Amino acid sequence: GAVVSQHPSRVICKSGTSVKIECRSLDFQATTMFWYRQFPKKSLMLMATSNEGSKATYEQGVEKDKFLINHASLTLSTLTVTSAHPEDSSFYICSARGWVSGEQETQYFGPGTRLLVL
Amino acid sequence: AQKITQTQPGMFVQEKEAVTLDCTYDTSDQSYGLFWYKQPSSGEMIFLIYQGSYDEQNATEGRYSLNFQKARKSANLVISASQLGDSAMYFCAMREGMAGYALNFGKGTSLLVTP
């Protein structure tokens, strides 16, 4: 089945630094990818929709200058957390729309990235 | 307004028994999709089952079935013959319309399967 990978799986950084998270669709092309954020024991909240070759669409309340998204190819989207602060510590997870067995719609999720900002 | 409501924060079920996880949704779109995902402690989101709004039959996938009641706007997940490995968080999600395709998630239900 289709696979979405994320790198890194865990990252610890100092406050004020920037962190880049990569999301790749390994065996299919994804013109649209999604970035979610999940706090402990909470649900997934959509941050932005990443569109290949165009600007990302951000959800209300998400700072686009803080969370930079680049979707440079059909298989890669990156999320950069700029000038990270402790409140940015969270679980970040990406997804891409696809089909199971060519028929059943699904969204394939990456394994997620745990970010801890000290 | 909450689009996906999961009213059961936590559920217990004994191994080999069946369990139903509740999900209700709110949309004015005619075309939408409903999803269930399992999230173990590792954090990965595992796709379980999908139901399209125009699908007349309830979706089934192995031990998982979706009890789709369109008029009541409910999409409950039924897990038959529970296994210890089924212990995890379960999220119901909805994709509205045919554009965007992002998912709105419910708050989740924590399922614990006991021996």
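This one's a predicted model, so the numbers in the text were calculated from it and none came from an experiment.

Draft legend 1. Spotlight on the overall build of chain A. Scanning chain A from terminus to terminus reveals zero helices and 11 strands. N-terminal to C-terminal, the α/β element order of chain A is β-β-β-β-β-β-β-β-β-β-β. Taking 2.2 N^0.38 as the reference for a compact globule, 118 residues should give roughly 13 Å; the C-alpha atoms of chain A span a radius of gyration of 14 Å, in line with that estimate. Overall, chain A is about 45 × 30 × 25 Å in size when its C-alpha atoms are taken along their principal axes.

Draft legend 2. Quick look at the overall build of chain B. Within chain B, the secondary structure is distributed over zero helices and 12 strands. Starting at the N terminus and walking to the C terminus, you meet the elements of chain B as β-β-β-β-β-β-β-β-β-β-β-β. Relative to the 2.2 N^0.38 estimate, which gives 13 Å for 115 residues, the radius of gyration of chain B is 14 Å and therefore close to what a compact globule would have. Counting over 115 residues, chain B shows a buried share of 46%. For chain B, the exposed surface amounts to about 5,500 Å²; the carbon and sulfur share of it is 49%. Side-chain charges of chain B comprise 9 positive and 11 negative groups, with the mean position of each set lying 4 Å from the other.

Draft legend 3. Spotlight on the pattern of salt bridges. For the structure on display, the rule yields five salt bridges over all chains. Among the ionic pairs, Lys66 of chain A bridges to Asp88 of chain A, the shortest N-O distance being 2.7 Å. Residue Lys66 of chain A is located in the loop between strand 6 (57-58) and strand 7 (67-73), and its partner Asp88 of chain A is located in the loop between strand 8 (76-81) and strand 9 (90-100); the two are separated by 22 residues in the primary sequence. With respect to burial, Lys66 of chain A and Asp88 of chain A carry one shared label: buried. We note a salt bridge from Glu96 of chain B to Lys3 of chain B, for which the minimum N-O separation is 3.3 Å. You can see Glu96 of chain B sitting in strand 10 (residues 88-96) and its partner Lys3 of chain B sitting in the segment before strand 1 (4-5), a full 93 residues away along the chain.

Draft legend 4. Quick look at the sheet that holds strand 1 (residues 4-7) of chain A. All names here are of chain A. Taken in spatial order, the four strands line up as 1-3-8-7 in an open sheet, and their pairing is antiparallel. Of all the strands in the sheet, just strand 1 and strand 7 have a single pairing partner and so form its edges. Neighbour-to-neighbour, the strand axes of this sheet turn through a mean angle of 15°, independent of strand direction.

Draft legend 5. The arrangement of the state of the cysteines in detail. Scanning the model with the defined rule gives two disulfides over all chains in all. For Cys23 of chain A, the disulfide goes to Cys94 of chain A, at an S-S distance of 2.0 Å. In this structure, the disulfide formed by Cys23 of chain A and Cys94 of chain A twists by about 85° around the S-S bond and is classed as right-handed. Within this pair, whereas Cys23 of chain A is found in strand 3 (residues 19-25), its partner Cys94 of chain A is found in strand 9, the two being separated by 71 residues in sequence. According to the relative accessible area criterion, Cys23 of chain A is buried, its value standing at 0%. For Cys94 of chain A, a relative accessible area of 0% gives the class buried. Each disulfide pairs two cysteine sulfurs, and for Cys23 of chain B the partner residue is Cys92 of chain B, the sulfurs being separated by 2.0 Å. Note on the Cys23 of chain B and Cys92 of chain B pair: the S-S dihedral is about -65°, so by sign convention the disulfide is left-handed. Taken together, the residues span a long stretch of sequence, with Cys23 of chain B in the loop between strand 3 (19-21) and strand 4 (24-25) and Cys92 of chain B in strand 10 at a distance of 69 residues. For Cys23 of chain B, a relative accessible area of 0% puts it in the buried group.

Draft legend 6. Structural view of the packing of aromatic side chains. Residues and elements named next belong to chain A. Applying the stated rule across the entire model yields 12 aromatic pairs over all chains. Geometrically, the ring pair formed by Phe67 and Tyr92 is tilted, given 6.3 Å between the ring centres and 45° between the ring planes. Taken together, the residues span a long stretch of sequence, with Phe67 in strand 7 and Tyr92 in strand 9 at a distance of 25 residues. Given the relative accessible area of 6%, Phe67 is considered buried.

Draft legend 7. Quick look at the pairing of strand 11 (residues 113-117) of chain A. Residues and elements named next belong to chain A. Residues Thr113, Leu115 and Val117 point to one face of strand 11 and are all buried, whereas Arg114 and Leu116, pointing to the other face, are not buried. Two strands pair when backbone bridges link them, and strand 2 (residues 10-13) and strand 11 are joined in this way by four bridges, in the parallel orientation. Paired with Ile12 across the strands is Leu116, a residue of strand 11.

Definitions and limits used
- Residues numbered from 1 in each chain as written.
- Chains lettered and ligands numbered in written order.
- Predicted model: local features only at pLDDT ≥ 70, side-chain atom pairs only at ≥ 80, totals over all residues.
- Heavy atoms only, no water.
- Helix = DSSP H or I, 4+ residues; strand = E, 2+ residues; numbered from the N terminus.
- Rg over C-alpha atoms; globule rule 2.2 N^0.38 Å.
- Buried < 20%, exposed > 50% of the residue type's maximum accessible area, 1.4 Å probe, protein only.
- Areas by Shrake-Rupley, 256 points an atom, 1.4 Å probe, with all protein chains shown as cover.
- Lys, Arg positive; Asp, Glu negative; His and termini not counted.
- Charge placed at Lys NZ, Arg CZ, Asp CG, Glu CD.
- Salt bridge = Lys/Arg side-chain N within 4 Å of Asp/Glu carboxyl O.
- Pairing = 2+ DSSP bridges.
- Axes fitted to C-alpha atoms, helices over the stretch in contact; angles between N-to-C directions.
- Disulfide = S-S within 2.5 Å.
- Phe/Tyr/Trp six-rings, centres within 6.5 Å; stacked < 30°, edge-to-face > 60°.

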